Amino acid sequence: MPAPPVSLPKPVPSLIPESPLRRRLYAWLLLCGWLLLAMPALAQVQDDAADTDPVALLDQAEKALATVQKQLDDTDDQDALRGLGDTVLAAQRDAESVERSLTPERDQLDARLAQLGAAADGTTEARELTTRRAELNKQRSEVDAQIKRAGLLKVEAQQLNATIEREFGQRLGAQLSRRYSSPLAASTWRQVGQQFPDDLQRLRALYGVVADGIRSGVAKDGWMLPLAELVAAALLLWPLNQLLRWLGRRYAASRNAPGSRLRRSGLALWQLLVRTLMPGLAAALVVQALLGIGALPPRLELLAGNFVLISVLSALISAVSASLLMPNQPSWRLLPIDDATAVRLRRYARATALLAWISGLVLLINRAGRTSASTTLVVEGAVALAFALLVMAMIASLLRLHRPPAQDAPAAEGEPAPAPQRRSSVVVLVALVVNLVVAVALVAVLAGYVDFALFATRQVIWVAVVLGALAVLTMFADDFSRWLFAPDSRFGRAANSALGLRPSHMEQAGVLLSAVLRIMLLVFGLSAVLQPFGSNFSTLFGWMDIANNGLEIGKLKLMPGDLLRALIVLAVGLGLMQVIQRWLVDTYLPKTELDASSKSSIATVARYLGIALVALWTLTALGLGLEKLALMVSALSVGIGFGLQAITQNFVSGLILMAERPVKIGDWIKIGDQEGDIRRISVRSTEIQVADKSTLIVPNSELITKTIRNMTMSSPLGRVQIQFSLPLGSDVGRVRELLLALYAEHPGVLDEPAPSVFIDSIAGGQVAINSFAYVSSPRNVYGVRSDLYFRLLEALAEEHIALATPQDIRIVGEVHQDRDGGGRE
C-alpha cells in the first residue's frame, strides 16, 4: 500500500534563479566544502608529525637498527626475519620523516641568515644583530646535524634491509634444497614409531599448559568476558556471515543497485570480503579471548597470531572460489563455465581451504609442541601430497571443461560433420605448467625434498588464489569506473553540470581510471605473489619511497603534498573558470549590445586568460617563486624561438584579430582562391565555411600577413551588375526604361542607392549597356542578379528587342580538280 503524500512547507524563493549555472555553483561549493573539511584533518596529521621530537625519533630508530643488527645472526625463523625487516623499514621511515620535516626549517634559517648577511670588515654593527646571527648559526648547525644524522640512519637502514633480503633468500634456498629421508621409507616410519611416545607426551604437556592457563585465567578474571568473545566469534563465523551474504544478494537483485555488470561484480566482491573477513575476525576473537585472560604463555603468542593468519588465508581460498564460481547461480557467475564444473571446482576449493586450515593448525601445534623431526617430516609430506592431489583434480576439471565433446551420434545423411572444438591454448599452457610443478613436487616428496614439495604446492595454490582475487577486483574496478563516469549516473550528471564535460570525455575518464586501478592491482598482485620468496613491498615499491621524499629537479624539490595541493588547485581553478565562463557566455554577454563576433572574442580571451591565471596559481601551489617562474619563462622562450615559432605566431595573430577585428564572425571573405563565411575565430586558427558547406581552417598568421578581401567589412550592401549588348539600331531609351522598371519591381533591390543604367561603349555596330543596383547583403547578389536576368529576357522578348549576337565569319576557298582526280585549293 503506497504511503500517503506528505505535505511539505512551501520553499522559500532562492536569490539565485534555477539554472544550470546554479547547479554548477552548488556542485563546486559542495566540492570546496569537502576540501575545507579535509584540510583540518591533513593539518592535524602534519601537526602530529611535527610535534614528534626529532631527536627522540632518531634515537628510537638508531636503537631499533642496533637491536636488529644483534638479532640478525641469532634468528633462524623466516617469519622472524620478516619481522626484523619490518622493524628496519619502520626505522627508515622515521629517519626519512625527520629529514623531511627538518629540511624546511633549515631553509628558513638560511633565509634569515642571508637577510642578515655577514658582518662587514672594519665596521661595527649593533650588538643585537651579532647576538641574533650567532643564535641563528647555532640553530642552523643543530638542525643540519640532525638532518645529516637522519640521512645516515636512512642509508644504514637501506643497507640493513638489503642484508635481510639477501639472508632471507639464502636461508630459503638452503631450506628448499635440504634433503631428508623419504616419508615412505621404512626407516622414517620406524623413527616415528620409536619417537611417538615422546611426541605424544610433548603434545599432552602443551595441552596441559594451555588448559592450566585457561583455568587460571578464568579463576582470576572470570569467564564472562572470554565466553562473550567466543559467542561473538561463533556469531561472526556463521549467522552474521550468512546474514551479510544474504543482504548482499538482496541488494544486488533490487532496483536500487546499479547496472547489471556492476551489481554482478559488486556482489562477487562483497562475497569475497564477507567470506574472508568474518572467519578472520572470529579467529581473532578466539585468540583475544585466550590472550585476555593470560591463557597463552609468551612463546605461544606468535603462534596465536599465525593461527589468525592461517584462518584468514583459508577463508580467502574459499571466498575467491565462491565469488568467481557462484554455484547454481549462472546469471551472477563471473566465469563462463557451466554449473556442473562450477559445483565440482567449488568442492575442490572447499577441500583445499579446509586442508590448508587443518594442515596449518597441525603444523603450528607440531611446532609449538616441538615434536621430533621424523614426525614433522611425515606430517609435511602428507600435507604436500594432499595439496598435490587436489591441484591435479582441479586441473583435470578445467581440462574437462575445455575438452571437445564426444561425437557419439553420427551426423545425419547429407549434413556435414560438426567441426571439432579446440581447447583454449592458455588453459592448456597453464595446465601443463601446473602439472609439471605438481609432478616435480611429488617426485621431491618421494626423494625426501619435503620442504621443496610443500613450498611448491603451496605456491601453486597461492598464485591461483591471488589471480582469482585479482580477477574479481579487476572486474569490479572496470565496472565501477565505467559506472562512475557514465553520463547518466549521478556523478556523471554532477560532473557534466559542474565542468561541462561531454559524454565522450566522461567515458574516456572512466577508461583512464580503470587503467590506473588495473595497474595498481597488478602491482599489488605481483607483490603478493613474490611475498613467499622474501620480496616485501619496500623492495617492489622503492619508487614510492623516492616519491615520498620528493622529486628533485635541479634546485627545485617537488614533494607529494605539493603535487597533491597543486592538483587540487588545478581542479578547483578549472572548475571555477568553467563556471565563470558559463556565466559570462550564458548570462552576461547576452544582455549586452555587442555583436556576436565581439561576444565570441571576449569569451575566448576570458577563457585563455583564466587558463593562464589557473596555471600561475598551480605553479605557485607547487612552491615555484617568481624567480623560478622567470627562469621557467626564459627557458620556454628559447624553446619558442626554435621549435614553437609558428604556434606562437598564430597565437599572437589570433590576439591581434580579436583586438583589431579586421575580420569577424559572420564576415564573407576571400583569401586566395577560396571564399566563405567566418564561423569561428580562436587564438590559433580561423574556421571558414565555404560554399559547399565544407570548413576551411586557416592559421591566423595567414589572415594577418596576406591580402584578404572582406566583402562585408565596410558596408553590408551588395552591388548587382548587369551587362549586355544591343544592335546599333535598337531603342536604347526603351531598354533603359525596362531596366529601371525591373529594378523597381524586384523586392530585393534597394531604393537607395538608386539603380543606374549607362551606355558603356558603342563599337562594332553594337551598343554596350552597363547597369547597377544595390541589395541588402553581398550574399543576395547572385540570386537577385539571376532573377533580373530572367525578367530582362522576358521583357525584351515582349518588346521584340533583340540582343546583339556575335558574328561568325568564315573564309572558304574554291576547290579545283586536278588531272589525276585529286583535289587542291
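Everything discussed here concerns the structure shown above.
What this report covers is the structure whose coordinates are included nearby.

### Regarding the environment of lysine 706
Right, on to step 1. Residue position: lysine 706 is located in the loop between α22 (700-705) and β7 (709-710).
Right, on to step 2. Residues lysine 706 and glycine 672 lie 34 residues apart in sequence; the distance between their C-alpha atoms is 8.9 Å.
Right, on to step 3. At 2.8 Å, the side chain of lysine 706 forms a polar contact with the side chain of glutamate 702.

### A look at the sheet that holds strand β10 (residues 766-775)
Right, on to step 1. One open sheet holds the three strands; their spatial order is β8-β10-β9, and the pairing between them is antiparallel. The open sheet is flanked by β8 (718-727) and β9 (756-763), the only strands paired with a single partner. For this sheet, the mean angle separating the axes of adjacent strands, direction not counted, is 20°.
Right, on to step 2. Inspection of the sheet shows β9 paired to β10 by seven bridges, in the antiparallel sense.

### Concerning the pairing of strand β3 (residues 668-671)
Right, on to step 1. As paired elements, β3 and strand β4 (residues 674-681) share four bridges and run antiparallel to each other. The residue of β4 that forms the bridge with lysine 670 is glutamate 675.

### Topic: unusual backbone geometry
Right, on to step 1. Note the cis peptide between glutamate 752 and proline 753, where omega equals -5°.
Right, on to step 2. Within the secondary structure, proline 753 sits in the loop between α23 (732-745) and β9.
Right, on to step 3. For methionine 326, which is not glycine, the phi torsion reads 45° and is therefore positive.
Right, on to step 4. Position of methionine 326 among the secondary structure elements: in the loop between α9 (298-325) and α10 (339-369).
Right, on to step 5. In this structure methionine 326 comes out as buried when scored by relative accessible area, which is 4%.

### Focus: the packing of helix α13 (residues 450-484) against helix α15 (residues 503-530)
Axis angle and axis distance: for two packed helices, these are the angle between their axes and the distance between the axes, and together they describe the pair.
Right, on to step 1. At a closest axis distance of 9 Å, the pairing of α13 and α15 adopts a crossing angle of 165°. Looking at the two axes, α13 sits roughly antiparallel to α15. Our pair here, α13 against α15, has a crossing hand that is right-handed. Contacts from Gln459, Trp462, Val463, Val466, Leu470, Leu473, Thr474, Ala477, Asp478, Ser481 and Leu484 of α13 reach α15 at Gly510, Leu513, Ser514, Leu517, Arg518, Leu521, Gly525, Ala528 and Val529.
Right, on to step 2. Residues of the contact of α13 with α15, tallied by class, amount to 12 nonpolar, six polar and two charged.

### Some thoughts on the side chain of serine 701
Right, on to step 1. With respect to the helices and strands, the residue serine 701 is situated in helix α22.
Right, on to step 2. Classification of serine 701 by relative accessible area gives buried; the value is 10%.
Right, on to step 3. Apart from the residues within four sequence positions on either side, serine 701 is in contact with Gln649, Asn650 and Ser653.

### Side note on the nonpolar core
Right, on to step 1. Core analysis: the biggest nonpolar cluster contains 35 residues, and Leu272, Val320, Phe387, Val391 and Val472 have the highest contact counts within it.
Right, on to step 2. When residues of this core are traced back to their parent elements, those giving at least two are α8 (260-292), α9, α10, α11 (373-401), α12 (425-447) and α13.
Right, on to step 3. Membership of the second largest hydrophobic core comes to 27 residues, among which are Val68, Leu72, Ala150 and Ala157.

### Let's talk about the packing of aromatic side chains
Each aromatic ring pair is summarised here by two numbers: the centre-to-centre distance and the angle between the ring planes.
Right, on to step 1. What the rule picks out here adds up to five aromatic pairs.
Right, on to step 2. Among the aromatic residues, those joined into a cluster by ring pairs are Phe476, Phe480 and Trp483.
Right, on to step 3. Over the ring of tyrosine 608 we find arginine 607; its NZ or CZ atom is 5.3 Å from the centre of that ring.

The rules behind the values
- Residues numbered from 1 in each chain as written.
- Predicted model: local features only at pLDDT ≥ 70, side-chain atom pairs only at ≥ 80, totals over all residues.
- Heavy atoms only, no water.
- Helix = DSSP H or I, 4+ residues; strand = E, 2+ residues; numbered from the N terminus.
- Polar contact = N/O pair within 3.5 Å; in protein donor to acceptor, adjacent residues only side chain to side chain.
- Pairing = 2+ DSSP bridges.
- Axes fitted to C-alpha atoms, helices over the stretch in contact; angles between N-to-C directions.
- Buried < 20%, exposed > 50% of the residue type's maximum accessible area, 1.4 Å probe, protein only.
- Parallel < 35°, antiparallel > 145°, perpendicular 65-115°, else oblique.
- Left-handed = near helix turned anticlockwise from the far one by under 90°.
- Contact = heavy atoms within 4.5 Å.
- Nonpolar A, V, L, I, M, F, W, Y, C, P; charged D, E, K, R; others polar.
- Core = buried A, V, L, I, M, F, W, Y, C linked by side-chain atoms within 4.5 Å.
- Phe/Tyr/Trp six-rings, centres within 6.5 Å; stacked < 30°, edge-to-face > 60°.
- Lys NZ or Arg CZ within 6 Å of the ring centre and 35° of its normal.

Coordinates in, geometry out; function isn't part of it.
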